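# Working through the structure, step by step
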Amino acid sequence: KMVVDRRDAPPPLGLDGVPSRDDRALTPAEVRNRLRELQALCDGEKEALLFVSGVDGKYNDGARKVLNYLLHGCCGSEIYSASRSLEEFDEVVLVVSASDCFLYLGGSNVFWKMAPLLGQVGDMQLLGATPEEEEDMDRFEERKIIAFLHAIEPFKGVGVELSPSSDATANTKAPGAMELEKWPLVQVYGVEELGKKGFFTMRHRITDVAPLLPRVYLQLDRRAAEQIILYHVDMLAFHWATSLDALDHMQPNDRLRVSEATLIDPALSYFTYGLLRAANAAVQQKHLPRVSLGVRTNNTGQDRMSSSEAKVANAGVAGHAALHVVMEAAEPNGPVRLARTHFLSNGGAAARMRTLDWDGKEIEQADNPSGRGPSSAYARCLMTAYAAAMHVHAKLIEAFCSGRARDQPALQALALQTLTHLNLEWLRNCDLASNVLVSLSASDLAGDPADCSPGSRFAKYLEVRLSHVQSLDSPPADLGAVVFGETFLDASPLETGGVSPCVVVTEKIPRHTGWVTGRLEADTDYMHAQLSRLRASGKNRHLSLGGLLTTEPLAHVKLLTGVEEMASLKGEVWALDKGLVFSSPRLGSLVVEFATDARAVDILTPDAQSDEALEIVVHLANPAFVRYGILEASLSALPQALVLSFHGAARRALVTQVLPTWKGSLSEAGVETRSSGTIPVGFDDSAARSSSERESISVNSAQDPVISAFLQHYQACDAQLHVPAAPRPPAPPPAPGACSVVAFIGQPG
């Protein structure tokens, strides 16, 4: 009886995997820097900006947005859509001038709630009603009116965000300016008892600042950069992973029936739903997520749209199965985008175990490597082209941020030069000069096009596309295009000649992977059938590898490859007396026979109380050890080692049931076994620390030294942007005999 096939594929992504958002509280420095951005709008025409919330400002939308920006820490499109604590801030009057800021908060509860944050912001005057005034509505309103008149009177030119329907001009007779006269708070301006004469718009020149505020709201600052890195990227990564989940939960032959439309649906739904109420939806349509298969990856323009008719089975060369898929996605109402090329092939499977008869007896023949026919050669040609595109992309980012290539033409020339110098045999038939395309763009926090010059306060997107990749046949076959794109943030140096830091925010979204489909390389079924026969009876033994040591495979194991393009693979390990089989649900199986494949094995066991991984380093004896073809299609030399990382239950089973037998087998085979050492240089174990079955979608971490340093640099850039603020008018000379009094209010320290 055959044992049911068991694969280590993770469960489907669901709502539990949606990234959570943990907004960090605003800091006084962030409020100060954002206030300076508003102060920078003041000039001779508009000496001060006026914002009045609640009924006294006729629920002016500009007041809601500025409170979201200044007091709630909202960023980007959230400034326009969020409605936070409206009732609590219903009495706010904000007057911003080039030299200082006046903020009336209303009741004492709001005042003391905001005082710890705003009290540390220089150039900001805070005022609120006392508890006694709150008890008397007339005194409460009188306090607000007097505060408003006192704050606005010195300024002749006043900037206000008027309603979009208003025809706002500086002419006080224009309907837009007259909108202010309908505000209850402004209407008291002409009350004779208060010593005023005439309307507000007769004594003040009104300017609509609505066209200027998006420049402030939609550019990057430290807080916006942090939200992009730690939350926006996670949201896009979640929907990206959900799209690829369709392939993870299919058998190899079933993947042939997948269409472009099926693959892109989760990412496309996320994008289109986010645009339902977006004012710039038409502009963002050019970033519509799309998937293209096989030779259709060469298509441009409208032909690039994903099709329900194009399927893996028929989208390849001459109507055969597609070998790769290009996926491009973007977040709605934001700047984060990415593009990847993934493969519907493993580039040729690794060596198989020797064949077993159905009775469990082994046929005595050499190990039979899986066939690497024309499709595997085509796949490895595309994989090499993609590895080259990733290599070039990294060089271009470095050149842009260092100032060596500051625009798209310079980046295009550098890309062609870099590709030419690689001199890759797999690309000898490609016309690089005609088919390499570099695209550089920038977007503001709402997804609109923006300035993409170095140091501009906008997110950049850089894409490298290599079209019409040619096979090594004679005549060559056109295999399609490979595409790689990342979103990155850069910042200006703090001093002339200083370093311009840069962080690629999407680089940790898996860049390179593949899935076997229903061809010769689909040896996952083959290997599981062999292992199932061994598992069916404890008497069944493999001639060279022996019997199974556990009835179940060791699950959630990671294979660290030492290959930069694909640093680790998830899978499971079948432990046998004298070797192991690593089985990847995506790429198939890889066999390690200790006697012939290993010259030394390091068993790196952590402390028993630690939850860190146990790692086994296999130092390979055979330079021609057969790996997956997708790993061999790397620009760097393959390391002569493999690292297996075991967590949780797999680690416990390995220690108690497997390692004692393995140590004896290794000693018998004359393979050196060591219990100390480190992971070889070039192996990335940062992705091998989680022991959960389904890892949470958390791409970047605030504890990452690169990210932390970048955010600190951006904070310093924010502080420098408008420092110092416009100087205050000189104070009158002190009267003779006068003295200064400085009062400190609050707790010491």
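Residues numbered from 1 in each chain as written. Predicted model: local features only at pLDDT ≥ 70, side-chain atom pairs only at ≥ 80, totals over all residues. Heavy atoms only, no water.

## Regarding the sheet that holds strand 20 (residues 641-646)
Condition: By definition, two strands form a pair when at least two bridges between them are found by DSSP. By the criteria applied, helices consist of DSSP H or I runs no shorter than four residues and strands consist of E runs no shorter than two, each listed in order from the N terminus. Lines are fitted to the C-alpha atoms to define the axes, a helix being fitted only along its stretch in contact, and any angle between axes, read from their N-to-C directions, falls within 0 to 180 degrees. Any pair of residues with heavy atoms lying within 4.5 Å of one another is described as a contacting pair.
Taking strand neighbours across the sheet as the criterion, the eight strands line up as 17-16-15-14-20-19-18-21 in an open arrangement whose pairing is mixed. Single-partner strands in this sheet number two, and they are strand 17 (588-593) and strand 21 (672-674). Sheet twist, expressed as the mean angle between neighbouring strand axes with direction ignored, is 25 degrees. In the sheet, strand 16 (residues 579-584) pairs with strand 17 via six bridges, with the strands oriented antiparallel. Opposite Ser583, over in strand 17, you have Ser589 as the bridge partner. Across the sheet, helix 20 (residues 648-668) is in contact with strand 14 (554-560), strand 15 (568-576), strand 16, strand 18 (598-604), strand 19 (614-620), strand 20 and strand 21; its angle to strand 19 comes to roughly 30 degrees.

## Considering the packing of aromatic side chains
Put simply, the test is: Between 30 and 60 degrees the pair is tilted, below 30 it is stacked and above 60 it is edge-to-face, where a pair is any two Phe, Tyr or Trp rings, Trp via its six-membered ring, whose centres lie within 6.5 Å. For the exposure calls, accessible area comes from a 1.4 Å probe over protein chains only, and a residue counts as buried if that area is under 20% of its type's maximum, exposed if over 50%, partly exposed in between.
Tallied over the full model, the rule gives nine aromatic pairs. With a centroid separation of 5.7 Å and an interplanar angle of 80 degrees, the aromatic rings of Phe400 and Phe488 are classed as edge-to-face. Of this pair, Phe400 sits in helix 14 (residues 374-402) while Phe488 is found in strand 12 (residues 482-490), placing the two residues 88 residues apart along the sequence. Phe488 matches Phe400 in its accessibility class, with the two residues each being buried.

## Thoughts on the pairing of strand 2 (residues 93-97)
Summarising burial for strand 2: five of the five residues are buried, a large majority. Going residue by residue along strand 2, you find Val93, Val95 and Ser97 tucked away on one face and Leu94 and Val96 tucked away on the opposite face as well. For strand 1 (residues 48-52) and strand 2, the ladder comprises five bridges, and the chain directions are antiparallel. Along strand 2, the bridge assignment pairs Val52 with Val93.

## Description of a negative patch on the surface
Stated precisely, the cut-off is as follows: Each patch is built from residues that are more than 30% exposed by relative accessible area and take part in no salt bridge. Like charges join if they lie within 9 Å; nonpolar side chains (Val, Leu, Ile, Met, Phe, Trp, Tyr) join within 5 Å. Using a 1.4 Å probe, the Shrake-Rupley method yields the accessible areas, and only the shown protein chains count as cover for residues. For salt bridges, the criterion is a side-chain nitrogen of Lys or Arg within 4 Å of an Asp or Glu carboxyl oxygen. For the purpose of counting charges, residues Lys and Arg are taken to be positive, whereas Asp and Glu are taken to be negative. His and the chain ends are not included. The atom standing in for a charge is NZ when the residue is Lys, CZ when it is Arg, CG when it is Asp and CD when it is Glu.
Together, Glu132, Glu134, Glu135, Asp136, Asp138 and Glu142 make up a negatively charged patch on the protein surface. Secondary structure elements with two or more residues in the negative patch: helix 5 (131-135) and helix 6 (137-152). Considering every element that reaches the negative patch, the biggest residue donor is helix 5, with three residues. Relative to the helices and strands, Glu134 is located in helix 5. By relative accessible area, Glu134 is classed as partly exposed at 32%.

## Focus: the nonpolar core
Burial of nonpolar side chains together is a common tendency in soluble globular proteins. To keep things clear, this is the line we draw: Take the buried residues of types Ala, Val, Leu, Ile, Met, Phe, Trp, Tyr and Cys, join any two whose side-chain atoms come within 4.5 Å, and each joined set is a nonpolar core.
Ranked by internal contacts, the top residues of the largest apolar core, which has 81 residues, are Leu38, Leu105, Leu118 and Leu489. Here this core takes 11 residues from helix 11 (residues 222-248), the largest share from any one element. If sequence neighbours within four positions are ignored, Leu489 has contacts with Leu220, Ala225, Ile229, Ala459, Pro501, Cys502, Val503, Val505 and Phe710.

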